[in-house]
Structures are given as C-alpha cells and as structure tokens.
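Okay, here's what each chain looks like letter by letter:
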Amino acid sequence: MDAQSPELGSGPDWAAEEKSRVVDPPEPSDAVLWQALRRGERAALGQLYDRHVGVVYAIALRLLGNVQDAEDLTQEIFLQLGRSAYDPDRGSLRTFLAILTRSRGLDRLRAQRRARASLETWQTEQQQAIAQPPDLLAESLDQAETAAQVRAALAQLSENQRQVLQLAYSDGLSQSAIAERLGLPLGTVKAWARRGLLKLRQTLQPAVEDA
C-alpha cells in the first residue's frame, strides 16, 4: 500500500524554526563604543551614558552632597568623554569614569572652599571696618558694596562661565591653560569667557552709572 503524501500545512513549520534560531548580535564593548564616539558617532554616547550613568552620578552625589551639582558634574563627564585621555588598553571605561568623576568632584569642592574662604575674608574686613574713622569707614563700605555687587553678578552666570572667569581672574590662568585644565577646546573657553564678561557688564552697568 502506497504511503500517503502529507497534507499541505501538516508538516513542521521550518520558517518558524529557522527564525527562532536567530540570535541577537552581542552589544558592542565599551572600547568599541568609545572609538565610535571619538569618530563623532553621537549615538555611541547614548549607549555609554545608559551603561555608566549610575556609577558616575552616585560618586558625584556622594562627593558633592547636592543633587543639582551632581547632575551638572555627571553631564560634564559624559559631554567631555570623547575628548578624554581614556585608553582601552590600560583599563575598563567604568574604572576610568569613576576616577575621573572623583577627580573633577574634588576640583569642585576645592573651588567651593576657596569661595567660602573669600566670603569669610570679606566678612572679616567688614567687621574691621566698623572700628575705622568715619572717612575710612565710608570708603570701606563703598568697596564692600562694590564687592557684593560683583559677587551677586557672578551668581547670575552659568556654572561654566563662572568657572572660566574664576580661573582667569582668581587663579591667573590664561585661556589656553584653562582649556587644558578643563579638557575643553580653546574656542569653547573663549566663548564662555566672552559671554560671561558681557553678562557681568550688563548686570553691573546700572551700579556703575549710579556711582
């Protein structure tokens, strides 16, 4: 008796089996993504950010103790990653980011301590001015008022503009030295400094006219 031919559609679904065997390609390594970022492929930054933002933010928050400051530092770390000195042959990207975040966070803490020291110095000078003769007291009060106006104007700048101006005028660094310290293009530093000075001038102009 001849074997009956299988009915159409009753055999195995070979297409479905083949489809089930397809394996998703492995995700690219950090080193591959970093090289892509160096070539200007911005999508690589998003993948690296998703992988490591938790570690970077946790370190920043633990060091700075402030959510806004931690978020700003985290953004800065990733925006500058493509221009960083990371070398895949010398260690993992996660370790590099942890060390970099700690270093930049400590830089910010030192800057904050310098700002507090300046404020304490100003407060001491104010206390000393109280005991001065009337003419010297008036002069000191004028200087203190001017200093307060400058500090208030600086507070209205962005973090980037304020940092560049402080490095230039408090630390005496050139714009080239600032660019090297911050790991930024010289053009970016010049733009931040220019915008910061313009905003300072606009903020302080009424005080100058009233003087």
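This write-up is about the structure you can find in this document. Worth saying up front: this structure is predicted, and the values here are computed from it rather than measured.

Counting residues in hydrophobic clusters, the biggest one holds 21 residues, and the most contacted among them are L37, L48, I77, F78, L81, L93 and L97. Taken together, the elements giving at least two residues each to this core come down to α2 (30-38), α3 (42-64), α4 (67-79) and α5 (93-130). When residues of this core are assigned to their parent elements, the largest contribution, seven residues, is made by α3. Residues L157, L165, A179 and A193 belong to the second largest nonpolar core, which totals twelve residues.

Attention shifts here to the layout of surface pockets. Where empty space is left in the structure can be found by rolling a water-sized probe over the atoms. Roughly 270 Å³ of volume is contained in the second largest pocket. Lining the second largest pocket are 15 residues, and of these E76, L79, Q80, N160 and W192 sit closest to its centre. Of all the elements in the fold, those that place two or more residues in the lining of the second largest pocket are α4, α5, α7 (159-169) and α9 (186-210). At four residues, the largest contribution of residues to the lining of the second largest pocket is made by α4. A per-class count over the lining of the second largest pocket returns four nonpolar, five polar and six charged.

What follows deals with the packing of α3 against α4. Where α3 meets α4, the closest approach of the two axes is 8 Å, and the angle between their N-to-C directions is 140 degrees. The angle between α3 and α4 falls in the class oblique. Crossing of α3 over α4 shows right-handed handedness. Residues L45, L48, Y49, H52, V53, V56, Y57, A60, L61 and L64 of α3 lie in contact with α4, whose contacting residues are V67, D69, A70, E71, L73, T74, I77 and F78. Among the residues forming the contact of α3 with α4, the class breakdown is 14 nonpolar, two polar and two charged.

Calculation rules
- Residues numbered from 1 in each chain as written.
- Predicted model: local features only at pLDDT ≥ 70, side-chain atom pairs only at ≥ 80, totals over all residues.
- Heavy atoms only, no water.
- Core = buried A, V, L, I, M, F, W, Y, C linked by side-chain atoms within 4.5 Å.
- Buried < 20%, exposed > 50% of the residue type's maximum accessible area, 1.4 Å probe, protein only.
- Helix = DSSP H or I, 4+ residues; strand = E, 2+ residues; numbered from the N terminus.
- 1 Å grid on protein atoms, 1.4 Å probe; cavity = no way out; pocket = protein on both sides within 12 Å on 5 of 7 lines; lining within 4 Å.
- Points joined across faces, edges and corners; volume = space filled by probe spheres on them.
- Nonpolar A, V, L, I, M, F, W, Y, C, P; charged D, E, K, R; others polar.
- Axes fitted to C-alpha atoms, helices over the stretch in contact; angles between N-to-C directions.
- Parallel < 35°, antiparallel > 145°, perpendicular 65-115°, else oblique.
- Left-handed = near helix turned anticlockwise from the far one by under 90°.
- Contact = heavy atoms within 4.5 Å.

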